[in-house]
Amino acid sequence: MLLSLAQQRTYANPIDIDYRYNFEQKNQGISYRSGADPVIVVQGGKYYLFETIGDGYWESADLGTWRHITPTRWPLLDVVAPAVLSVRDTIYLLPSTTSPLPILMLTEPASGRVEFYNRLLPWLPMARDREASVLAKPDSVQPGPWDPQFFHDPDTERWFLYWNSSNAYPLNVIELDKSKRLAYKGAPHWLFGLDPVNHGWERFGQDHRDSTIAPFIEGAWMTKHGGRYYLQYGAPGTEYNVYSTGVYTAADPLGPFSYAPYNPVAYKPGGFVQGAGHGNTFQDVYGNWWNTGTPWIAVNWNFERRIGLHPAGFDRDGQMYVDTRFGDYPHWLPTKAGQASDELFTGWMLLSYRKSVTASSALDSFPASRVTDENPRTFWVAQQNRPGEWLTIDLGGTYDVKAIQVNYADHMSDLYGTDSTVVTQFRLQASLDGHLWAIVADLSNERRDRPNAYIEMATPVRARFIRYEHIHVGAANLAISDIRVFGHQWGVQSRPATPKGVTARRDRDARNAVISWQPVRGVVGYNVRWGIAPAKLYQTYQRFADQGTTLELRALTVGQQYWVAIESFGENGVSALSSAVPIR
């Protein structure tokens with residue numbers, strides 16, 4: 001029996017687009033898909049997504065289903081970290097550059113038509129001949145603009161460009177002259193750089209532990225809200241789990257800017273999708289706030305990445321936040337105004353973590369067990385890339401399955417561009433007893449690549465076993481990092497218990513704190529929720545239960561008071577949150 005799929009009402013990170021194969025490492029024989037540095041803008045009631053090396057851009061009517069558009073005009077070497085802004089009837093686009101380029105414009109983005117807005121910008125004022133390896137005085141800027149971003153102030157009709165990606169220079173801003181097609185106006189202003197000595201989250205490396213490389217500030221984005229200017233930036237580097245977004249605020253787009261005490265605003269170092277830096281903040285067609293970011297994969301290349309989308313907003317005090325709690329679980333797509341971020345979490349829980357897996361075949365050192373370890377950097381590889389290869393997950397009990405995500409990996413894929421042969425085709429089957437199977441998703445006629453295919457069921461599917469049946473991928477090898485199953489355990493209503501014994505001790509190094517709690521039996525994991533007040537626990541560090549009940553949090557700002565609380569989660573829901581305790 002074939003069960004119909006739902007008209008998509010939900011999504012899960014990484015977002016389900018046809019990430020393109022990258023050509024930049026072709027001469028080294030390094031093949032991988034990637035997506036990074038996203039910007040989503042709204043034009044004509046539709047969403048348009050631009051990113052790095054996308055061979056074009058994507059359109060969506062709902063933020064869940066995306067259609068790739070090949071433009072009529074596009075740079076030969078594609079686009080990296082572009083400035084993109086929609087103002088009235090025009091989308092303006094400027095790729096990252098170290099020398100003058102045109103500004104492009106789209107007035108009919110659904111058609112793919114791209115035209116010149118400014119055929120060639122002048123040289124960036126005060127730009128050096130080449131990038132400096134040490135911090136220069138504020139009488140120069142790097143060649144550029146690299147990681148640029150436009151900002152249009154709707155209240156004053158002034159235009160600005162913010163930019164930089166450097167571990168030597170700070171962020172810069174320059175005003176633009178709209179009467180001269182956004183040519184530079186005046187001289188660049190130096191704004192601010194990183195301060196890892198005082199801002200623990202700005203330190204480089206996995207969990208902020210690499211002191212050998214100076215951290216990078218990059219990916220500027222400006223948002224105006226409540227009469228104030230929120231200048232966001234990515235740090236400390238895209239290659240690790242702690243890639244985050246911070247914010248400075250000001251009363252004027254040129255500053256002076258003040259560091260927000262609640263930084264970082266977008267932080268997701270744990271879970272399946274790790275990293276939330278370098279994206280943009282936008283309002284959907286209903287007025288709800290969202291934030292995009294760049295999670296990391298980094299198996300084949302440091303800059304092998306994906307795109308994440310998280311609910312965001314501003315509280316009554318004007319504090320900006322990005323909600324990454326359960327940020328890689330299914331969330332509802334927006335359908336109306338005033339949808340709070342916690343309302344968008346479906347409550348569908350992860351059912352597949354560390355569950356038993358069997359496979360039709362496996363290459364040595366790439367076993368099937370890796371598809372349930374919630375780690376995109378480990379994967380199963382079939383002995384051959386051929387139709388009929390399969391994986392079966394035994395959930396260990398009866399569950400109501402509501403969504404399944406199939407995440408492919410690239411193992412010696414030998415592809416350096418995406419063409420019509422690069423499509424993802426498979427079937428998903430479900431069974432209660434392992435003998436009688438029903439097809440619950442049939443993508444045998446899919447005509448696009450879906451490296452992170454997210455499948456929502458029209459109605460819950462009662463099952464113990466989930467089987468992936470392979471048909472086609474364009475890569476040389478069939479490799480899957482994770483098959484993630486979401487829903488609830490059938491017939492069980494109780495939620496897990498609230499963790500007890502929460503303690504939080506600040507280290508001698510005030511950027512660090514050790515947080516511990518008593519284990520809760522039978523749970524999948526815990527969310528360590530923290531912030532600058534008991535009612536502002538906006539940041540989340542997700543931990544699986546087998547990682548223990550002690551966390552060294554290395555993301556604090558010196559001199560800032562923090563509070564922390566813990567919740568546990570399992571296959572039937574989330575516990576009540578513990579009482580918040582101060583980090584002393």
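How each quantity is defined
- Residues numbered from 1 in each chain as written.
- Predicted model: local features only at pLDDT ≥ 70, side-chain atom pairs only at ≥ 80, totals over all residues.
- Heavy atoms only, no water.
- Salt bridge = Lys/Arg side-chain N within 4 Å of Asp/Glu carboxyl O.
- Helix = DSSP H or I, 4+ residues; strand = E, 2+ residues; numbered from the N terminus.
- Buried < 20%, exposed > 50% of the residue type's maximum accessible area, 1.4 Å probe, protein only.
- Phe/Tyr/Trp six-rings, centres within 6.5 Å; stacked < 30°, edge-to-face > 60°.
- Pairing = 2+ DSSP bridges.
- Axes fitted to C-alpha atoms, helices over the stretch in contact; angles between N-to-C directions.
- Contact = heavy atoms within 4.5 Å.
- Polar contact = N/O pair within 3.5 Å; in protein donor to acceptor, adjacent residues only side chain to side chain.

(A) Representation of the pattern of salt bridges within the structure. One pass over the structure, following the stated rule, counts 33 salt bridges. With its nearest N and O atoms 2.6 Å apart, the salt bridge here joins Arg9 to Glu456. Residue Arg9 is located in the segment before strand E1 (10-11), and its partner Glu456 is located in strand E31 (residues 452-472); the two are separated by 447 residues in the primary sequence. Residue classification places Arg9 among the partly exposed positions, given a relative accessible area of 38%.

(B) Seen up close, the packing of aromatic side chains. Summed over the entire model, instances satisfying the criterion amount to 37 aromatic pairs. Seen from their ring centres, Tyr321 and Tyr538 are 4.9 Å apart, and the 20° between their planes marks the pair as stacked. Of this pair, Tyr321 sits in strand E23 (residues 320-322) while Tyr538 sits in the loop between strand E35 (525-531) and strand E36 (539-544), and the two are 217 residues apart along the sequence. Judged by its relative accessible area of 16%, Tyr321 falls in the buried class.

(C) Broad picture of the sheet that holds strand E22 (residues 308-314). What the 4 strands build is an open sheet, ordered E20-E21-E22-E23; its pairing is antiparallel. Each edge of the open sheet is held by one strand with a lone partner, namely strand E20 (281-283) and E23. Strand-to-strand, the axes of this sheet are offset by a mean angle of 35°, without reference to chain direction. By the bridge criterion, 3 bridges tie E22 to E23 in an arrangement that is antiparallel. Paired with Ala312 across the strands is Val322, a residue of E23.

(D) Region of interest: the pairing of strand E10 (residues 103-106). With burial as the criterion, each face of E10 is covered, one bearing Ile103 and Met105 and the other bearing Leu104 and Leu106. Relative to strand E11 (residues 115-118), E10 runs antiparallel, the two sharing 3 bridges. From the neighbouring strand, Met105 faces E11, where its bridge partner is Glu115.

(E) Here's a closer look at unusual backbone geometry. Here the amide bond leading from Ala235 into Pro236 is cis, since omega sits at 0°, within 30 degrees of zero. Looking at the secondary structure, you find Pro236 in the loop between strand E17 (228-235) and strand E18 (244-250). In this structure, Pro264 follows Asn263 across a cis peptide bond, with omega equal to -5°. Among the secondary structure elements, Pro264 is positioned in the loop between strand E19 (258-259) and E20.

(F) The sheet that holds strand E37 (residues 550-553), seen in detail. Strands sit in the order E33-E34-E37 across an open sheet of 3 strands; the sheet is antiparallel. Here the strands that pair on one side only, and so sit at the sheet edges, are strand E33 (503-506) and E37. Pairwise comparison of adjacent strand axes, ignoring direction, gives a mean angle of 15° for this sheet. Across 4 bridges, E33 lies against strand E34 (residues 513-516) in antiparallel orientation. Within the sheet, the bridge partner assigned to Arg506 lies in E34 and is Ala513.

(G) Representation of the environment of His488 in the model. Mapped onto the elements of the fold, His488 is located in strand E32 (residues 479-489). Through-space distance from the C-alpha of His488 to that of Tyr11 is 17 Å; in sequence the pair is 477 residues apart. Leaving out residues up to four positions away in the same chain, His488 has contacts with Gly347, Trp348, Met349, Leu351, Tyr399, Asp400, Lys402, Glu571 and Asn572. Separated by 2.9 Å, the side chain of His488 and the backbone oxygen of Gly347 make a polar contact.

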